[in-house]
Amino acid sequence: MKTDLSTFWPVILDHTISTLIMVAITLVLATLIGLPLGILLYATAKGNILENKVLNTILNAIINTVRPIPFIIFLVALIPVTRFLVGTSIGIWAAIFPMTLAASLSIARVVENNIVSVDRGVIEAAQSMGSSKFDILFKVLIPEAAGALILGLTFTTVSLIEFSAVAGLVGAGGIGYLAFTYGYQRFDVTVMFITVLILIILVQITQFIGNKLASIYTSRL
């Protein structure tokens with residue numbers, strides 16, 4: 001069964017907007033969780049300003065356990081939890097929950113890795129000037145690593161676009177749902193091509209904006 005493209009564009013627009021909503025809300029929530037989690041990962045590591053071996057080991061164990069799981073498996077495995085918390089296992093909000101969990105752990109690792117790359121001489125200089133631990137974390141380390149963090153968040157956003165497409169396979173809506181329902185199941189190559197093209201465009205726009213923001217921030221240093 002072929003799709004009548006002359007009447008199909010509103011459907012494409014609707015599902016594209018659904019994808020953008022999923023990605024935007026998830027990115028905000030995941031950043032709010034992942035940013036402090038990444039800072040805590042760094043700060044509690046051995047030799048750092050809030051060293052705590054037990055807490056650091058627990059956080060690393062959680063992240064190292066969840067991150068390698070393919071998102072489609074993670075998504076399906078969380079369906080009972082999603083249904084309990086959200087009230088449904090389909091739709092945008094049902095997808096946002098597992099996407100947020102997966103993305104927040106990814107962001108936490110990105111934040112930790114980028115802060116680790118900051119020259120320790122900067123930390124020692126701040127300590128010599130009497131800066132508090134809070135000031136070192138939020139007024140020294142974060143600003144120093146901000147350019148790299150922007151690129152890291154850009155990479156995460158691209159991953160979220162991929163996650164949203166995967167979530168569409170289990171009824172979350174968005175471009176993935178469109179590709180699967182109208183393209184794959186109906187053997188409609190044209191719809192498949194259009195959905196892939198939209199995803200490529202979204203990724204390109206995201207990467208361009210992220211690179212631009214990182215470049216602007218770095219040039220001001």
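Chemist: Outline the packing of aromatic side chains, supporting the account with residue identities and numerical values.
Modeler: The description of an aromatic ring pair rests on the distance of the ring centres and on the angle between the ring planes. All told, the structure shown has one aromatic pair when counted by the stated rule. Ring geometry for Phe-71 and Phe-163: centres 4.3 Å apart, planes at 10°, overall stacked. Of this pair, Phe-71 sits in helix α3 (residues 71–77) while Phe-163 sits in helix α7 (residues 133–167), and the two are 92 residues apart along the sequence. Per residue, the accessibility class of Phe-71 equals that of Phe-163, and both read buried.

Chemist: Any details on the nonpolar core? Residues and values, ideally.
Modeler: Core analysis: the largest hydrophobic core is formed by 50 residues, its most contacted members being Phe-71, Met-99, Ile-115, Leu-137 and Leu-141. Going through the elements one at a time, α1 (5–43), α2 (53–66), α3, α5 (92–116), α6 (120–128), α7, α8 (174–184) and α9 (189–220) are the ones with two or more residues in this core. Considering each element in turn, this core owes the most residues, 12 residues, to α7. Apart from residues lying up to four places away in sequence, Leu-137 is in contact with Ile-39, Tyr-42, Ala-43, Ile-49, Leu-50 and Ile-142.

Chemist: Tell me about the packing of α5 against α7, and please be specific about residues and values.
Modeler: Two elements in contact, α5 and α7, have axes whose closest approach is 9 Å; the angle formed by their N-to-C orientations is 150°. Viewed along their axes, α5 and α7 adopt a mutual orientation that is roughly antiparallel. With respect to the hand of their crossing, α5 and α7 are arranged in right-handed fashion. Across the interface between the two elements, Ala-95, Met-99, Ala-102, Ala-103, Ser-106, Ile-107, Val-110, Val-111, Asn-114 and Ile-115 from α5 touch Leu-141, Ile-142, Ala-145, Ala-148, Leu-149, Gly-152, Leu-153, Thr-156, Leu-160, Phe-163, Ser-164 and Ala-167 from α7.

Chemist: I'd like a description of the side chain of Ser-106, backed by residues and values.
Modeler: Tracing the backbone shows Ser-106 in helix α5. A relative accessible area of 18% means that Ser-106 is categorised as buried. Discounting residues that sit within four places of it in the chain, Ser-106 has contacts with Arg-67 and Thr-156.

Chemist: For the environment of Tyr-184, give the residues involved together with the corresponding values.
Modeler: Here Tyr-184 lies in helix α8. Taking the relative accessible area as the measure of exposure, Tyr-184 reaches 53% and is therefore exposed. Residues Tyr-184 and Arg-109 lie 75 residues apart in sequence; the distance between their C-alpha atoms is 35 Å. Setting aside residues up to four positions removed in sequence, Tyr-184 forms contacts with Ala-179 and Met-192.

Chemist: Would you mind going over the environment of Val-23 in detail, with residue names and values included?
Modeler: Within the secondary structure, Val-23 sits in helix α1. Looking at Val-23, the relative accessible area reads 9%, which means it is buried. Along the sequence, Val-23 and Phe-163 sit 140 residues apart, while their C-alpha atoms lie 8.6 Å from each other. Non-local contacts of Val-23, meaning those with residues more than four positions away in its chain, are made with Thr-157, Leu-160, Ile-161 and Ser-164.

Rules used in this analysis
- Residues numbered from 1 in each chain as written.
- Predicted model: local features only at pLDDT ≥ 70, side-chain atom pairs only at ≥ 80, totals over all residues.
- Heavy atoms only, no water.
- Phe/Tyr/Trp six-rings, centres within 6.5 Å; stacked < 30°, edge-to-face > 60°.
- Helix = DSSP H or I, 4+ residues; strand = E, 2+ residues; numbered from the N terminus.
- Buried < 20%, exposed > 50% of the residue type's maximum accessible area, 1.4 Å probe, protein only.
- Core = buried A, V, L, I, M, F, W, Y, C linked by side-chain atoms within 4.5 Å.
- Contact = heavy atoms within 4.5 Å.
- Axes fitted to C-alpha atoms, helices over the stretch in contact; angles between N-to-C directions.
- Parallel < 35°, antiparallel > 145°, perpendicular 65-115°, else oblique.
- Left-handed = near helix turned anticlockwise from the far one by under 90°.

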